[in-house]
Amino acid sequence: MRVHKRRRRGATCGGTLVALGILLAGCGSVASGSGSHPGMIAVVAAENTYGNVAAQVGGRYVVITSVESNPSTDPHTYEVSPSVAQAVSTANVVVQNGDGYDGFMNTIESSSPDASRHVVDVQHLLGLPDTTSNPHFWYSPTTMPQVAAALAGAFSEVMPAHAAYFVANASRFDASLAPWLRAIAQLKGIGAATPVATTEPVADDLLAAIGATNLTPMSFQLDVMNGTDPSPQDVSFESNLLTQHHVKVLVYNQQVTDTLTQSFVTAAQQARVPVVGVYETMPTPGYTYQTWMLAETKALQRAIQGHASTAHL
């Protein structure tokens, strides 16, 4: 499986899988496994985005461990802490992104095999190949209903007596996406084919959903995402998109910036091109998955319609 090898920017946690008793804080909140919560389903989510959905579907019957939950660090450079390995080893259900985004989860699962553990791998759930270039699946409005249904199924297998409860919660979650879907439809009607530039493919699926046209070469986006220096030709092309006013918005990964990406943000600001910062990790506290996606979409709306920047949510 492909692994994103990105230059490190910002703090990460370190540790070995052997020293399970050591708790390293800062990269994720770790809840106790089901052994400490009788009658509960222990769930480990590699990203807090999936953890939030799992909490909504599982309700009062789940205890959630969200591994990557800090929007101020680079999720591609996460290093496993022993506490996370311990949580996975005792989990009933694991949900992970796949596509190399959180490959550390596969390593942990392999080191503590458990035939009864249910693993929801979103890449596989969506039927996407390992060659999929953009791993930020949660920005697509079609992803999370499938995740919610899969989680309801997994929870129902662990606790069959409460299957109806989990299915009802998944249906309620689907219905709660309506404000976001309306905002997407409204923006698509207003700003379809709006030319935009991006630094990474973080929100590309959302941009596609609103009908925007991303003029930034995918080669440039993937180079930045993977910590590889883009070609001089791609850098020049991206710069011209902004300085020559070929785009109406610059969408950048607010969570991970370096000298190069910051130079494009500065160029956009100097050219009076609105900038919108998007996140890979759900900002907390204060957001659910639904309200986070709605906020990101509203930020795009403000940029397209009101020529206003939103660097931070």
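Look up a bit, the structure's there.
On a predicted model such as this, the values are computed, not experimentally measured, just so you know.

What am I meant to see in unusual backbone geometry here?
Note on backbone geometry: most residues besides glycine have negative phi, and most peptide bonds are trans. Here Thr284 and Pro285 are connected by a cis peptide whose omega angle stands at -5 degrees. For Pro285, the location among the structural elements is in the loop between strand 8 (275-278) and helix 12 (289-306). Within the chain, Asp99 stands out as a residue other than glycine whose phi angle is a positive 60 degrees. By secondary structure assignment, the location of Asp99 is in the loop between strand 3 (93-96) and helix 3 (104-111). With a phi close to 55 degrees, His307 is a non-glycine residue in the positive phi region. With respect to the helices, strands and loops of the structure, His307 is situated in the segment after helix 12.

Honestly, the sheet that holds strand 6 (residues 213-214) in this entry has me stumped. Any pointers?
Spatially, four strands are ordered 6-5-7-8 in an open sheet, and the strand pairing comes out parallel. Both edges of this open sheet fall to strand 6 and strand 8, since each of them pairs with a single strand only. In the packing of helix 11 (residues 259-270) onto the sheet, the strands contacted are strand 7 (249-253) and strand 8, and the crossing angle to strand 7 comes to about 155 degrees.

What is the right way to read the pairing of strand 4 (residues 118-121) from this model?
In regular strands, side chains alternate between the two faces of the sheet. In this sheet, strand 4 lies alongside strand 3 in parallel orientation, the contact comprising four bridges. By the bridge assignment for strand 4, Gln96 is matched with Asp121. Once you follow strand 3 into helix 3 and on to strand 4, the crossover reads as right-handed.

Rules used in this analysis
- Residues numbered from 1 in each chain as written.
- Predicted model: local features only at pLDDT ≥ 70, side-chain atom pairs only at ≥ 80, totals over all residues.
- Heavy atoms only, no water.
- Helix = DSSP H or I, 4+ residues; strand = E, 2+ residues; numbered from the N terminus.
- Pairing = 2+ DSSP bridges.
- Contact = heavy atoms within 4.5 Å.
- Axes fitted to C-alpha atoms, helices over the stretch in contact; angles between N-to-C directions.
- Right-handed = clockwise from strand over helix to strand, strands pointing away.

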